[in-house]
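Listed below, chain by chain, are the residues.
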Amino acid sequence: MDDELDSGSTAPTGMTPTWSNLHDWNTGLSGPDPLPAADAASLSGTSDTKTAAAAGPAAGPATGSSRAGRGPSKPRPEWRDPAELPGVQRAHTGAFGQKLQALDDAARMVMAVMDSIDVNALSDPEVVALTQMVERTGRPVDAARVATATVVGYRSRSGLGTESLAWRLGASHQNDLLIGLTGTSVPEMKRRVSLGEKVAPRMLGGTVLEPEFPFVAAALAAGEIGLDAAENIVKGLADYKVHGRFDADQSLVDGGEAELVESATGSVFARTPGPGDSATATATDADDADTGAGAGAGQVCTGPVRRLGASAGFTFPADRIREMAATWQAVLNPDGAAPTAEILEAKSTFSFGKLSQGLHPLRGGVTPELKGIMQTLFNTFQSARSAPAFPSAEEQQRIEAGELVPGEILDERDGGQKRADILRGILVQVAQDPRTPTMGGMPPTVMVHVNATDLINGVGVGWIDGVEGPISMKTINQMVDNGGFRPIFFGGTGAVLALGDKVRCFTPLQRRAITARDGGCIIPGCTCPPQWTEVHHVQPWQNGGPTNVSNGVLLCWYHHHNIDTSGWHIRMVLGMPEVKAPHWIDPTGTWRKPPQHRAHDPKYRRQDE
């Protein structure tokens, strides 16, 4: 194994390989030729492999699983810690060893400096300065990690077979070797290699070409850009580069890349004069930098990309760079959305994941148009109480008379929980709409099965047809409270004996009457519309509470689900509901009438003069 590292595929230290590589094509990374068969055969260093290599020439043509140009099949060498290999140990000597030692000294210096700093004791200006300096210090290291992972991954690609660096070191594939060398995760290695393939030199016909993203590569090499911003630029423009999915003016693509790099770094990067360029053909400002045009001479620079100086514009974070890259996509291919709309629409999807910690994760993606519709709908309901409200003179009198709860009602739900409840209300309303298609002759109905004894005792769980996870008895009681239940009687053998009538269910006429009285959720401050509410038995149905208008009130799903634990209390007085707020909202514990339906509220009626 060690002999192969000495004689193998790496170029001399400090030199860029310039020979052709049969495994490369345009977008291939620049790299050395594969090892000759004789050198590759000596990789493992074991006696059986050496014997197979020696017997190779006399063994005749390769047969069976042998592949042309790679010699006969042979066992993969056993994995050894690369640090124990004599060849790797010799790499730590000489001129290259001095460079490795300098890196080690730099790492120790950083650790020593950080050990001397008590971060928690720093002042605000000091911790801000340290945060920026630590980020700046780590960026060259991040760029080096991308470069080394890319080269190792390229030399370990499966197409090389037994000539692969991974195979010769006893690893099964490039990711196996990379995580063995670094101790990091496979996703992180894939991330580094994916970015590195776009910012590393390429080979074409024996000629080394510049990276596919030269401005990003230059910014990484200069330690000016972080990996997140670099990835966002590469992902945003990759489809518009040569051999991408969309045709685009490459000068515009280069200009977009240069502008995004400038926005991410606060520095101007531009091409410098090449061997055949005039000495005056140097881009000296941001406008010239985008195109590579030389200032003064009007010529085009063809040399490598370099940092020219600080930008006069603003610097933006990586998330903003992703949004700016999307804007550039529209500039580069303004008609691209039309021919691909059907493809993108077909990829929009929605599904449920496996039950985890009591929740089914939602998976999928939506088009920008659908997101706009959903976001506007959510914002409309979430902003209902976003504006500050001050009591009017009439409301102040009601507060003083004990008829109105003062102040804003606290809602402990976060934005995600509110959006989920809004979506629930929309779906319930659609399910109850008579125009909704039926299934098997029945409207969309959630069927919950629960044992009668468990339901009476208030213990156990229930099950919904087609859903693997159980639901709590609290949720079952809420569903029964709103929609009633239908008993099914079974015999000793499990056969169905009888199907009872639906009970504890408010009729449509009763619901209309209650809606006309309450006008929506009766909890003060709740803006849930009446069509999204549920009917709640004020006197619980389990305790013999009747199912009639005088015992039913409207509650939104959230307040209905938490009515027994939220601290709110409801009672009926002469057919009208009254509510008592939790102590932390109304310390007086006063029973108050909820807001009336607009049709019955005097302030909404015309007064006789």
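One can find the structure itself at the top, above this paragraph.
None of the values given here were measured: they were computed from a predicted structure.

Draft legend 1. Structural context of the overall build of the protein. Broken down by element type, the protein carries 22 helices and 16 strands. Burial statistics for the protein: of 609 residues in total, 34% are counted as buried. Of the roughly 36,200 Å² of accessible surface on the protein, a fraction of 57% belongs to carbon and sulfur atoms.

Draft legend 2. Structural context of the nonpolar core. With 33 residues, the main nonpolar core has Leu 195, Val 216, Leu 220, Ile 225 and Ile 233 as its most contacted residues. In this structure, Leu 220 is in contact with Ala 143, Leu 195, Val 199, Ile 225, Leu 227 and Ala 230, ignoring residues within four places of it in sequence.

Draft legend 3. The pattern of salt bridges, seen in detail. The tally for this structure, following the rule as stated, stands at 17 salt bridges. Taking the shortest distance from any N to any O, the salt bridge between Asp 586 and Arg 592 comes out at 2.5 Å. Grouping residues by exposure puts Asp 586 and Arg 592 together as buried.

Draft legend 4. Here's a closer look at the side chain of Arg 202. Tracing the sequence through the fold places Arg 202 in strand β1 (residues 202-204). No salt bridge forms around the buried Arg 202; measuring N to O, its nearest opposite-charge neighbour Glu 212 is 5.3 Å away. A polar contact of 3.0 Å, which involves the side chain of Arg 202, links it to the backbone oxygen of Glu 210.

Draft legend 5. Representation of the environment of Asn 548 within the structure. Topologically, Asn 548 is positioned in the loop between β12 (534-537) and β13 (552-555). Contacts of Asn 548, omitting those with residues within four sequence positions, involve Phe 506 and Gln 510. Within the local environment of Asn 548, its side chain forms a polar contact with the backbone nitrogen of Ser 550, the two atoms lying 3.2 Å apart.

Draft legend 6. Focus on the sheet that holds strand β8 (residues 461-464). With antiparallel pairing, three strands are arranged side by side in an open sheet as β7-β8-β9. Looking at strand neighbours, the two that pair on one side only are β7 (448-449) and β9 (470-472), the edges of this open sheet. Taken together, the two bridges between β7 and β8 define a ladder with antiparallel strand orientation. Looking across to β8, one finds that His 449 is bridged to Trp 463.

Draft legend 7. Structural detail: the sheet that holds strand β14 (residues 569-573). Pairing is antiparallel in the open sheet, where three strands are placed in the order β14-β15-β16. Each of the sheet's edge strands pairs with one partner strand only, and the pair in question is β14 and β16 (591-592). Pairing of strand β15 (residues 576-580) with β16, which is carried by two bridges, proceeds in the antiparallel orientation. Note that in β16 the partner of Lys 580 across the bridge is Trp 591.

Thresholds, definitions, all that
Residues numbered from 1 in each chain as written. Predicted model: local features only at pLDDT ≥ 70, side-chain atom pairs only at ≥ 80, totals over all residues. Heavy atoms only, no water. Helix = DSSP H or I, 4+ residues; strand = E, 2+ residues; numbered from the N terminus. Buried < 20%, exposed > 50% of the residue type's maximum accessible area, 1.4 Å probe, protein only. Areas by Shrake-Rupley, 256 points an atom, 1.4 Å probe, with all protein chains shown as cover. Core = buried A, V, L, I, M, F, W, Y, C linked by side-chain atoms within 4.5 Å. Contact = heavy atoms within 4.5 Å. Salt bridge = Lys/Arg side-chain N within 4 Å of Asp/Glu carboxyl O. Lys, Arg positive; Asp, Glu negative; His and termini not counted. Polar contact = N/O pair within 3.5 Å; in protein donor to acceptor, adjacent residues only side chain to side chain. Pairing = 2+ DSSP bridges.

Read these as spatial facts, not as claims about activity.
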